[in-house]
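Chains, contacts and geometry: an overview
Residue-level listing of the chains:
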Amino acid sequence: MATGKTSRSRGTTVSVKENGPKLEEGLNPFKSDKFDAESYVQSNCSLNDKEIKQLCTYLVDLKKASAEEMRRSVYANYAAFIRTSKEISDLEGELSSIRNLLSTQAALIHGLAEGVHIDSLSISNSDGFSVSATSDSEDKEISDLDKWLVEFPDLLDVLLAERRVEEALAALDEGERVVSEAREMKSLNPSLLLSLQNSITERRQKLADQLAEAACQPSTRGAELRASISALKKLGDGPHAHSLLLNAHLQRYQYNMQSLRPSSTSYGGAYTAALAQLVFSAVAQAASDSLAIFGEEPAYTSELVMWATKQTEAFSLLVKRHALASSAAAGGLRAAAECVQIALGHCSLLEARGLALCPVLLKLFRPSVEQALDANLKRIQESTAALAAADDWVLMYPPTANRQTGRPSSIPVSNAIAFQHKLTSSAHRFNFMVQDFFEDVGPLLSMQLGGQALEGLFQAFNSYANMLIKALPGSMEEEASFEDSGNKIVRMAETEAQQIALLANASLLADELLPRAAMKLSPLNQAAYKDDNRRRTSERQNRHPEQREWRRRLVGSVDRLKDTFCRQHALDLIFTEEGDSHLTADMYINMDGNVDEVEWLPSFIFQELFIKLNRMANIAADMFVGRERFATLLLMRLTETVMLWLSEDQSFWDDIEEGPRPLGPLGLQQFYLDMKFVVCFASHGRYLSRNLQRTVNEIITKAMAAFSSTGMDPYRELPEDEWFNEICQDSMERLSGKPKEINGERDLNSPTASVSAQSISSVRSHSSS
């Protein structure tokens, strides 16, 4: 071992000697009288401002992560720490007892040795001098001490019998002082010293038993309890005294709880409030007494925290058993939330005393609130489904009562008109229940259940959207694709007005009503958003990406309903009840064989499409007041569906391009007129989208390419665009029932007077190039 140390020291010495010159050279710049610290740092620091900021950010994140890891470690090992602290305290008490016993035995042995030594000296004293020959003053002192020794036990007994605790403590301290002085001065016979010490120990234990008994009595309260515990601590048994203090407060509130009798018919909030008052006031008083008597010693503080946590857990079990269980099972989210709020309100008052018990309550109450949340969402689905089975799909304003539950609405009267929307009965019910659902969301936010609530609400709306899809005629064959539709019966929407009402339900809920309700889950300061509702909604959505994603999913469910609606109407338009198609290649190919019978009008199917779209536009104008854009998008989607069907109908294009008879000039003109007609009425109705225009252009290009394959030039066979525009304009006026002319002239302000002939002309110019 010595050799190893020598070698290490030698190696260190050599290293210092070798690196000495280098170190001195590195320190030379600092020895100069002209040394500039700032310029030296700037010249040697390679980090720029951005890198320094990144480094600072990294260090801050590392600090936060370290603090979080430390907190987790403390929580994970807290119970073991408390258990070890208690064991250490017990061990210290045992060591103290052993130390006292050893001191007593040492004093006894020392006294015995001294006695033997004195006896031997008195026997062997040649001068005849006796130890017992003392002065008169010594005799008087010994006699006074002997008298005190005789009276002291009786005095202690009297003080204990009369429960004069302070005087008894003072007498015991005096006895300890006498014992200590006698041991140092060796002024007492060891047997008397041992007797005195045993007497003090016996009376001390008797006083401790009296104090412990008094602390355990339910009648001992307030100052008397604190005095007993403080005296017990002075006797040297602090851990036991602290445990007795906590147990006394426990017994007191358990005794008071005997008058609290919950019943199945009692109001859960009232029971929770009464119980919370008893439990947390007892915990608060115990914390105050502990701090006043024992201070902030870690061992006592840890025991107080563990005891308070245990009482909080017991309180939560009682609340769940007598208040939350029934509410959670029945889907009473508001009742469950109110109980949680009451409990948290009382519990939060303890934070001023250093007891943060709210996380304990939230963890214990979370399963019950989750159960109430799921049951409430399930109730919304079932209640809405029951009304959908008998819904007549007629839009109407909501009932006069703001809530079907009978609760007063939180919406101000001045804003009530702004929230009056026309929905069918099942949609009104769905909306009312959702608004009720979000009335009390405090526990949902504090328990971090906001995301779960949003997901459950989306599932409820998606289930309602599936029922709306089932209400469309012709959608029964798709029933198997709806996972959550089950065997729910839904009343069919037979008319177009009823079917558009389905879209009005879904769109209004997804675009406005549900997002407005979900905004209550935002933890932002509500006072900062008291102005315009639309601006408030927009700003909050921009600040919460998860809610934007949730709203996007709602819109996706509405799009499924819209696609089903458009596909059904497109199929009804294209096919007959027998399955034959109204849109075939023969209707264009056969035209060149019947030259004399040609009447230049749009084909029947496109006339029907125009009439249907016109009719739906009038219906939507009444249903989508203030939301005209949705009606426009609906008409746009329906027109695109029909044209996409034509574009992707392979049998149609096989007959046009490779059929036994080619497409003739008249057929090309009719086809071009039909496409021109679609563009004209879509532009007139303001639902001509880029996608629709591109699809029409592609269809025209394919038809002209098929015609060109016969060797003829399509541009020579087609009249000018003005000719097609006039026919389209006349057809729209005739089909819509409007007068053809005003004062002998065409209305130049009509949207179709400047209808985009550029779309068709662009096809010609593009193909000719």
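Everything below is about the structure printed above this text.
Residues numbered from 1 in each chain as written. Predicted model: local features only at pLDDT ≥ 70, side-chain atom pairs only at ≥ 80, totals over all residues. Heavy atoms only, no water.

Regarding the packing of aromatic side chains
- Taken as a whole, this structure holds 18 aromatic pairs when the rule is applied.
- Grouped by ring-pair contacts, the aromatic residues Y588, F652, W653 and F671 constitute a single cluster.
- When the ring centre of F458 is taken as reference, the NZ or CZ atom of R553 above it lies at 3.9 Å.
- The side chain of R627 reaches across the aromatic face of F630, ending 5.7 Å from its centre. (Phe/Tyr/Trp six-rings, centres within 6.5 Å; stacked < 30°, edge-to-face > 60°. Lys NZ or Arg CZ within 6 Å of the ring centre and 35° of its normal.)

Considerations on helix α16 (residues 450-470)
- When the terminal C-alpha atoms of α16 are compared, their 30 Å separation across 21 residues agrees well with the 30 Å that a helix rising 1.5 Å per residue should span.
- α16 sits mainly inside the fold: 17 of its 21 residues count as buried. (Helix = DSSP H or I, 4+ residues; strand = E, 2+ residues; numbered from the N terminus. Expected span 1.5 Å × (residues − 1). Buried < 20%, exposed > 50% of the residue type's maximum accessible area, 1.4 Å probe, protein only.)

Brief notes about helix α8 (residues 222-234)
- With 13 residues, α8 extends 19 Å between its outermost C-alpha atoms, agreeing within 8% with the 18 Å of an ideal straight helix rising 1.5 Å per residue.
- Residues of α8 that are buried: L225, S228, I229, A231 and L232. Buried residues of α8, viewed axially, fall in a sector of 160°; they line one side. Counted as exposed and oriented over 90 degrees from the buried face of α8: A223 and K234. (Arc of directions from axis to C-beta.)

Re the state of the cysteines
- In total, this model carries 0 disulfides according to the counting rule given.
- Of all cysteine sulfurs in the structure, the one in C680 sits closest to C728, which takes part in no disulfide; the separation is 4.0 Å.
- Taking relative accessible area as the criterion, C728 reaches 0% and is therefore assigned buried. (Disulfide = S-S within 2.5 Å.)

Quick notes on the packing of helix α24 (residues 665-684) against helix α25 (residues 690-708)
- Packing of α24 against α25 brings their axes to within 11 Å, and their N-to-C directions diverge by 175°. What the angle tells us is that α24 and α25 run roughly antiparallel. Mapping the contact onto sequence places P665, L668, F671, Y672, M675, V678, V679 and A682 in α24 and L692, V696, I699, I700, A703, M704 and F707 in α25.
- Tallied by class, the residues present in the contact of α24 with α25 amount to 15 nonpolar, no polar and no charged. (Axes fitted to C-alpha atoms, helices over the stretch in contact; angles between N-to-C directions. Parallel < 35°, antiparallel > 145°, perpendicular 65-115°, else oblique. Contact = heavy atoms within 4.5 Å. Nonpolar A, V, L, I, M, F, W, Y, C, P; charged D, E, K, R; others polar.)

Let's talk about the nonpolar core
- If you look at the biggest cluster of nonpolar residues, it comprises 145 residues, and the most contacted ones within it are F315, F606 and F681.
- Here this core takes 13 residues from helix α17 (residues 496-518), the largest share from any one element.
- Dropping the residues within four chain positions of it, F606 is found in contact with L583, Y588, M643, L646, D674, M675, F677, V678 and F681.
- Within the second largest apolar cluster, 23 residues are counted, among which are L207, L232, L244 and Y300. (Core = buried A, V, L, I, M, F, W, Y, C linked by side-chain atoms within 4.5 Å.)

Remarks on the pattern of salt bridges
- Using the criterion set out here, one finds 9 salt bridges in the structure.
- Connected via shared salt-bridge partners are E496, K612 and R615. (Salt bridge = Lys/Arg side-chain N within 4 Å of Asp/Glu carboxyl O.)

A closer look at the environment of S689
- Its place among the elements puts S689 in the loop between α24 and α25.
- Separated by 52 residues in sequence, S689 and R637 place their C-alpha atoms 9.1 Å apart.
- Look past the residues within four positions of S689 in its chain and what remains in contact with it is M636 and E640.
- In terms of polar contacts, S689 uses its side chain to reach the side chain of E640, at 2.5 Å. (Polar contact = N/O pair within 3.5 Å; in protein donor to acceptor, adjacent residues only side chain to side chain.)

Thoughts on a nonpolar patch on the surface
- Together, L55, Y58, L59 and L62 make up a nonpolar patch on the protein surface, roughly 400 Å² of accessible area in all.
- Relative to the elements of secondary structure, Y58 occurs in helix α3 (residues 49-76). (Patch = residues over 30% accessible without salt bridge, like charges linked within 9 Å, V, L, I, M, F, W, Y side chains within 5 Å. Areas by Shrake-Rupley, 256 points an atom, 1.4 Å probe, with all protein chains shown as cover.)

What to know about the side chain of H569
- The topology assignment puts H569 in helix α19 (residues 545-574).
- Once residues within four sequence positions are removed from consideration, H569 is found in contact with E496, Q499, K612, M616 and L638.

Note that every value here comes from positions in space, so none of it alone points to a role or purpose.
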